[in-house]
Amino acid sequence: MEYLVFVIRKLAGGIPLVLGVTLISFTLMVYFGPDQTYELLSKNPTAEEIAQVRSELGYDQPFWIRYSDYLVDLVTLDFGYSNATGERVAGILARTVPISMALLAPGFVLGNVLGIALGLLAAWHRGGWVDKAIMGFAVVGMSISFLVVIIAFQVLFGVVLDWFPVRGWNVHDLSSYLYYVTVPTLASVFVALGYNTRFFRAVLVEEMTRDHVRTARAFGAAPAVILWRGVLMNAMIPIITRIMFSIPLIVISGSLLIETYFGIPGVGKVTFDAITSGDQPVLKAVVGLTAIGFVLILITNDILYKWVDPRISLTRESAA
Amino acid sequence: MSLPEIDLGAGADARLEPADRLRRRSPWSRAAGRFSTDRAAVTGLVVVTVFFVVALGVWLGWWGGNWAETGGGQWQSPSAENWLGTTILGQDIFARAVYSTRTAFEIGLVVAISSTLLGGLFGAISGYFAHSPVDAAILWLKGVLDSIPFYLFVAAVAFALDGQPFAMHIAMIATFWTTTARLVRGEVIKLKRLEFVEAARSVGLATPRIIARHIVPNTFHILLVQATIVFVAAIKSEVILSFLGLGVQDGVSWGLMIAESTTEVIAGRYWNFIAASSFMFVLVMGFNLFADGLQDALDPKRAGR
């Protein structure tokens with residue numbers, strides 16, 4: 001019951017955010033976006049034909065009518081058909097989102113798990129050569145552009161060593177999945193590790209300097225026990241926050257670059273193509289659903305807080 | 001309004017002297033002292049300065065002006081004439097990489113300065129009027145901008161502005177100010193409870209004056225560190241945006257060079273790629289070390305962490 005009230009109140013609180021995101025993106029991407037009228041017309045169209053296409057695309061409606069139509073689409077989760085291919089938008093998303101998930105999940109999990117592991121190692125040996133080596137590696141990782149890493153790994157594994165494909169996505173079983181997913185995963189783990197390790201180390205060092213950890217050390221508790229129960233579990237809140245909030249950005253922004261570069265037909269590439277061609281139904285769907293995803297993540301985040309720290313109350317505003 | 005003068009009698013000057021010396025050792029000079037003992041940070045500063053001189057030289061027309069000349073042969077290897085070889089059009093890759101340093105500084109400085117000003121302003125306002133409708137509106141705007149995927153936002157701004165060369169800058173400024181504003185807001189909420197702000201209020205200073213003269217100067221350390229971080233983020237984003245065709249529209253940049261090299265590396269022609277990515281790596285690495293050192297020097301609590 002406590003959870004239900006909390007979720008409903010949070011959902012209501014997320015409405016202004018969703019309205020803001022949809023309004024700004026609608027204004028930018030749809031109202032000022034590319035005009036598709038002439039792409040859908042034959043050569044030398046008559047005035048009636050132009051007017052007809054414009055009314056089919058909804059261009060002749062005033063701004064607020066078009067925006068409220070969009071909100072109706074969002075509430076009913078029905079975004080109609082793509083202007084470019086005529087395919088149902090829901091069908092496009094059902095086809096491309098799983099590809100992006102399969103593409104990004106291994107890199108996302110490995111990037112965070114290895115980041116936490118390296119952060120723990122560095123924090124435990126704070127000031128020593130292990131710490132310095134790990135942090136040096138992290139700064140180097142932070143200083144290399146994602147694009148440069150992608151190109152370097154593609155050339156190394158795809159051209160020089162010739163172990164993995166240069167580009168493409170032709171997955172039908174586990175071995176073909178591993179064949180296509182390895183190079184993009186290595187690239188995203190490499191880039192994520194720099195930032196993640198530094199962040200996790202800072203959080204863990206903060207926790208490691210507390211009195212209870214010093215006491216546990218003084219009593220001779222095993223390092224693994226101290227690190228797991230004394231440090232990692234207590235640092236869970238900032239860790240969860242960071243991981244949760246990186247999800248929506250990874251799904252769209254991260255997939256966009258990898259998918260464009262490797263020619264993988266995921267949701268990032270479809271969205272980018274939709275922006276450049278002005279395929280409004282697809283854009284509306286992706287942007288609106290991302291905003292809703294953000295609100296859902298905010299809620300999940302607060303529930304996870306309570307789960308890792310039972311002292312947190314969901315009913316008080318200060319806790320939420 | 002001046003304080004009444006107190007006659008300290010003979011020896012007042014001598015007693016004032018240590019206090020005077022203490023005053024001269026401001027937090028900033030102590031930070032400079034800490035910074036100068038940090039070897040990595042000083043190295044970073046030297047690297048950034050060298051790149052800045054290179055950019056300034058391009059701007060003044062001392063070097064790099066021949067970046068568009070198509071004199072040399074196609075895809076030449078490095079030689080005495082073309083230090084890093086030539087492109088498909090026979091342009092000197094070294095000159096292009098040097099000229100791109102100017103592009104990088106232009107983007108980095110414009111975006112870093114503008115987004116820091118914007119973030120400082122909005123952060124100070126929303127912190128000073130915390131929990132008021134103004135604060136709620138600014139927080140809402142931050143939340144909204146943070147929830148729109150960055151590359152989609154840039155692409156949308158680029159198209160909405162219809163090929164304007166500054167579309168990329170505007171999009172970056174519009175998204176990068178939010179972190180600065182969040183940090184400044186937190187600091188201002190802390191500051192406004194302190195005695196000196198209360199004193200300023202009690203002598204009847206106007207609110208805008210309190211914010212501008214007494215609060216904002218005390219957030220400069222945050223603004224400085226954030227500006228260096230945004231500078232790096234802007235240079236790194238430029239590369240990806242230029243690859244996607246949303247970045248630099250005319251001239252040359254490391255991003256355009258890397259974008260150009262994506263088809264060349266498959267054919268084993270690496271010089272364009274190596275030149276652009278190593279120039280960029282050295283500058284970004286230098287800036288990261290500099291920013292780290294700055295952060296440690298300005299926040300003694302963080303040093304050694």
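Here the structure is a predicted model, which is why all the values come from computation and not from measurement.

S.K.: How should the overall build of chain B be read in this particular structure?
M.R.: Of the regular secondary structure elements, chain B holds twelve helices and zero strands. Walking chain B from its N terminus toward its C terminus, one meets helices and strands in the order α-α-α-α-α-α-α-α-α-α-α-α. Within chain B, residue pairs in contact and separated by at least 24 positions form 67% of the contacts whose partners lie at least 6 positions apart.

S.K.: In this structure, what is going on with the overall build of chain A? I would like to understand it.
M.R.: Secondary structure assignment for chain A yields twelve helices and zero strands. Secondary structure elements of chain A occur, N-terminal to C-terminal, as α-α-α-α-α-α-α-α-α-α-α-α. The C-alpha extent of chain A, read off along each of the three principal axes, is 85 × 60 × 35 Å. Across the 320 residues that make up chain A, the buried fraction comes to 34%. Long-range pairs, those at least 24 residues apart, make up 70% of the contacts in chain A with a sequence separation of at least 6.

S.K.: I keep staring at helix α3 (residues 63-76) of chain A and nothing clicks. Help me out?
M.R.: Think of an α-helix as 3.6 residues a turn; residues three or four steps apart then line up on the same face. The first and last C-alpha atoms of α3 of chain A sit 20 Å apart over 14 residues, in line with the 20 Å expected at 1.5 Å per residue. Looking at the residues trailing α3 of chain A, positive phi occurs at Leu 77 of chain A, about 55 degrees.

S.K.: What exactly am I supposed to notice about the interface of chain A and chain B here?
M.R.: The figure often quoted for interface size is the accessible area lost as the parts come together. Listed as interface residues are 39 residues of chain A and, on the opposing side, 32 residues of chain B. Of all the elements in the fold, those that place two or more residues in the side of chain A that touches chain B are α1 (2-31), α5 (129-143), α6 (146-160), α7 (174-208), α10 (236-262), α11 (267-277) and α12 (280-308) of chain A. Take the side of chain A that touches chain B: its biggest share by element is eight residues, from α1 of chain A. Of the residues in the side of chain A that touches chain B, the class split is 30 nonpolar, nine polar and no charged.

S.K.: Whenever I open this one, the packing of helix α4 (residues 89-124) of chain A against α5 of chain A confuses me. Can you help?
M.R.: If you want to describe how two helices pack, look at the angle between their axes and the distance between the axes. Residues and elements named next belong to chain A. Packing of α4 against α5 brings their axes to within 7 Å, and their N-to-C directions diverge by 140 degrees. Taken as axis vectors, α4 and α5 run oblique relative to one another. Crossing angle aside, the handedness with which α4 passes α5 is left-handed. Residue-level inspection shows Leu 118, Leu 121 and Ala 122 of α4 in contact with α5, the latter providing Val 130, Asp 131, Ile 134 and Met 135. Class assignment of the residues belonging to the contact of α4 with α5 gives a composition of six nonpolar, no polar and one charged.

S.K.: Got a minute to help me understand the nonpolar core in this structure?
M.R.: The nonpolar side chains of a soluble globular protein tend to be buried, and buried together. If you look at the biggest cluster of nonpolar residues, it comprises 137 residues, and the most contacted ones within it are Leu 147 of chain A together with Val 154 and Ile 258 of chain B. At 16 residues, the largest contribution of residues to this core is made by helix α12 (residues 271-298) of chain B. Leu 118, Ala 123, Leu 227 and Val 231 of chain A belong to the second-largest nonpolar core, a separate cluster that totals 17 residues.

S.K.: Got a minute to help me understand unusual backbone geometry in this structure?
M.R.: Here the phi dihedral of Leu 77 of chain A falls at roughly 55 degrees; this positive angle occurs in a residue that is not glycine. Mapped onto the fold, Leu 77 of chain A is located in the loop between α3 and α4. In this structure, His 131 of chain B takes a positive phi of about 65 degrees despite not being glycine.

S.K.: Looking at this structure, I do not really get the environment of Tyr 99 of chain B. What am I missing?
M.R.: Here Tyr 99 of chain B shows up in helix α4 (residues 93-128). When the C-alpha positions of Tyr 99 of chain B and Ala 167 of chain B are compared, they lie 21 Å apart, and in sequence the two are 68 residues distant.

S.K.: For this particular structure, what's the right way to read the confidence of the model for chain B?
M.R.: Close reading of the predicted structure is inappropriate where its pLDDT is low. Residues and elements named next belong to chain B. Across chain B, the average pLDDT comes to 80, with 81% of residues at or above 70. Mean pLDDT across the elements of chain B ranges from a minimum in helix α1 (residues 12-24), with 52, to a maximum in helix α7 (residues 167-191), with 90. In the predicted complex, the global pTM is 0.83; the interface-specific ipTM is 0.80.

S.K.: How should α1 of chain A be read in this particular structure?
M.R.: With 30 residues, α1 of chain A extends 42 Å between its outermost C-alpha atoms, agreeing within 8% with the 44 Å of an ideal straight helix rising 1.5 Å per residue. Roughly 30 degrees is the biggest bend found in α1 of chain A, and it falls at Gly 14 of chain A, with proline Pro 16 of chain A one to four residues downstream. Taken residue by residue, α1 of chain A has Val 18, Val 21, Thr 22, Ile 24, Ser 25, Phe 26, Leu 28, Met 29 and Val 30 of chain A as its buried positions. Those residues of α1 of chain A hidden inside the fold are in contact with α3, α11 and α12 of chain A together with α5 (133-147) and α6 (150-160) of chain B.

S.K.: Help me understand the packing of α6 of chain B against α7 of chain B, please; the structure alone is not making it clear to me.
M.R.: Residues and elements named next belong to chain B. Packing of α6 against α7 leaves a shortest axis separation of 9 Å and a crossing angle of 135 degrees. Judged by the inter-axis angle, α6 sits oblique to α7. Here the hand of the crossing between α6 and α7 comes out right-handed. Contacts from Phe 150, Phe 153, Val 154, Val 157 and Ala 158 in α6 reach Ala 167, Met 168, Ile 170, Ala 171 and Thr 175 in α7. Among the residues forming the contact of α6 with α7, the class breakdown is nine nonpolar, one polar and no charged.

The rules behind each value
Residues numbered from 1 in each chain as written. Chains lettered and ligands numbered in written order. Predicted model: local features only at pLDDT ≥ 70, side-chain atom pairs only at ≥ 80, totals over all residues. Helix = DSSP H or I, 4+ residues; strand = E, 2+ residues; numbered from the N terminus. Contact = placed C-beta atoms within 7 Å. Buried ≥ 20, exposed ≤ 12 C-beta atoms within 10 Å, placed from the backbone. Expected span 1.5 Å × (residues − 1). Nonpolar A, V, L, I, M, F, W, Y, C, P; charged D, E, K, R; others polar. Axes fitted to C-alpha atoms, helices over the stretch in contact; angles between N-to-C directions. Parallel < 35°, antiparallel > 145°, perpendicular 65-115°, else oblique. Left-handed = near helix turned anticlockwise from the far one by under 90°. Core = buried A, V, L, I, M, F, W, Y, C linked by C-beta atoms within 7 Å. pLDDT = per-residue confidence, 0-100. Bend = angle between axes of the 7 residues up to and from the residue.

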